Amino acid sequence: MNNLMSRTVKYTTLWLWGGFVYYCLELLWRGYSHPSMFIAGGICLVLIGGLNNYLPWNLGIVYQALIGAVIITIVEFIFGLIVNVWLGLSVWNYNELPFNLMGQISLPFTLLWIPIAAVAVLLDDYLRWKLYGEQKPQYTLF
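Below or above, wherever it landed, is the structure these notes cover. (Residues numbered from 1 in each chain as written. Predicted model: local features only at pLDDT ≥ 70, side-chain atom pairs only at ≥ 80, totals over all residues. Heavy atoms only, no water.)

1. Some points on the state of the cysteines
Move 1: With the rule as written, the count across this model stands at zero disulfides.
Move 2: Cysteine Cys24 is unpaired, with the sulfur of Cys44 as its nearest cysteine sulfur at 15 Å.
Move 3: Since its relative accessible area comes to 26%, Cys24 is described here as partly exposed. (Disulfide = S-S within 2.5 Å. Buried < 20%, exposed > 50% of the residue type's maximum accessible area, 1.4 Å probe, protein only.)

In structure tokens, the structure reads:
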């Protein structure tokens, strides 16, 4: 398989895993989800997984989780603006939560994303190692 094809398969697989997990988390948390959250979840896992391409492998899992939470929050904000504001689908509204921005993101959810982002780092690293023969993950806490 050529390099472009193998990269396409790898990132599509990671995106599908991210979308599936994100969608399932929403089902567990709220009892329902929306197809846009599958797309957002896939993007989040690909972006969080890409951190290893730009940051050193020995960066602690806590820092990776914090950066990942910021990534998820940014993706949620962009998707909120598109899905809720622009398209008017009202998939979620955080106006009642403290420290919200335009009802699309809020500090409590950003804090909730930290452990979820840590799981995303672990999932991405494991999938890359097991499915694509990339470097075996090794972690430090900080």
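2. Some points on the packing of helix H4 (residues 61–86) against helix H5 (residues 107–132)
Move 1: Close contact between H4 and H5 brings their axes to 7 Å; oriented N to C, the two are set at 115°. Considering the angle they form, H4 stands roughly perpendicular to H5. Considering the relative orientation of H4 and H5, their crossing is right-handed. Contacts between H4 and H5 pair Ile61, Gln64, Ala65, Leu66, Gly68, Ala69, Ile72, Thr73 and Glu76 from the former with Thr110, Trp113, Ile114, Ala117, Ala118, Val121 and Leu122 from the latter.
Move 2: Residue classes in the contact of H4 with H5 are distributed as eleven nonpolar, four polar and one charged. (Axes fitted to C-alpha atoms, helices over the stretch in contact; angles between N-to-C directions. Helix = DSSP H or I, 4+ residues; strand = E, 2+ residues; numbered from the N terminus. Parallel < 35°, antiparallel > 145°, perpendicular 65-115°, else oblique. Left-handed = near helix turned anticlockwise from the far one by under 90°. Contact = heavy atoms within 4.5 Å. Nonpolar A, V, L, I, M, F, W, Y, C, P; charged D, E, K, R; others polar.)

3. Some points on the nonpolar core
Move 1: Within the largest apolar cluster, 22 residues are counted, with the highest numbers of intra-cluster contacts made by Ile48, Ile72 and Phe79.
Move 2: Those elements that provide at least two residues to this core are helix H2 (35–49), H4 and H5.
Move 3: With seven residues, the top contributor of residues to this core is H4. (Core = buried A, V, L, I, M, F, W, Y, C linked by side-chain atoms within 4.5 Å.)

4. Comments concerning unusual backbone geometry
Move 1: Unusually for a residue other than glycine, Ser90 sits at a positive phi of about 50°.
Move 2: You can see Ser90 is positioned in the loop between H4 and strand S1 (100–101).
Move 3: Although it is not a glycine, Phe99 sits at a positive phi angle of roughly 55°.
Move 4: By the element assignment, Phe99 lies in the loop between H4 and S1.

5. Observations regarding the packing of aromatic side chains
Move 1: Across all of its chains, the model carries eight aromatic pairs by this definition.
Move 2: With centroids separated by 5.4 Å and ring planes inclined at 80°, the aromatic side chains of Trp15 and Phe38 adopt a geometry described as edge-to-face. Residue Trp15 is found in helix H1 (residues 3–30), and its partner Phe38 is found in helix H2; the two are separated by 23 residues along the sequence.
Move 3: An aromatic cluster is defined as three or more aromatic residues linked by ring pairs; in this entry it consists of Tyr22, Trp29, Trp92, Tyr94, Phe109 and Trp113.
Move 4: When the ring centre of Trp129 is taken as reference, the NZ or CZ atom of Lys130 above it lies at 4.3 Å. (Phe/Tyr/Trp six-rings, centres within 6.5 Å; stacked < 30°, edge-to-face > 60°. Lys NZ or Arg CZ within 6 Å of the ring centre and 35° of its normal.)

6. A short note on the environment of Gln138
Move 1: Within the fold, Gln138 resides in the segment after H5.
Move 2: We classify Gln138 as exposed; its relative accessible area is 59%.
Move 3: When the C-alpha atoms of Gln138 and Leu59 are compared, they prove to be 10.0 Å apart, with 79 residues separating the residues in sequence.

7. Remarks on a nonpolar patch on the surface
Move 1: Where nonpolar side chains cluster on the molecular surface, the patch consists of Val70, Ile74, Ile78, Ile82, Trp86, Leu87 and Leu89 and spans about 710 Å² of accessible area.
Move 2: Among the secondary structure elements, Leu89 is positioned in the loop between H4 and S1. (Patch = residues over 30% accessible without salt bridge, like charges linked within 9 Å, V, L, I, M, F, W, Y side chains within 5 Å. Areas by Shrake-Rupley, 256 points an atom, 1.4 Å probe, with all protein chains shown as cover. Salt bridge = Lys/Arg side-chain N within 4 Å of Asp/Glu carboxyl O.)

8. Here's the deal with the pattern of salt bridges
Move 1: What the rule picks out here adds up to four salt bridges.
Move 2: As a salt-bridge pair, Arg30 and Glu26 come within 3.4 Å of each other at their nearest N and O atoms. Note that Arg30 and Glu26 are positioned in helix H1 at a spacing of four residues, about one turn of the helix.
Move 3: With relative accessibility at 25%, the residue Arg30 sits in the partly exposed group.

Shape descriptors only; they carry no functional weight alone.
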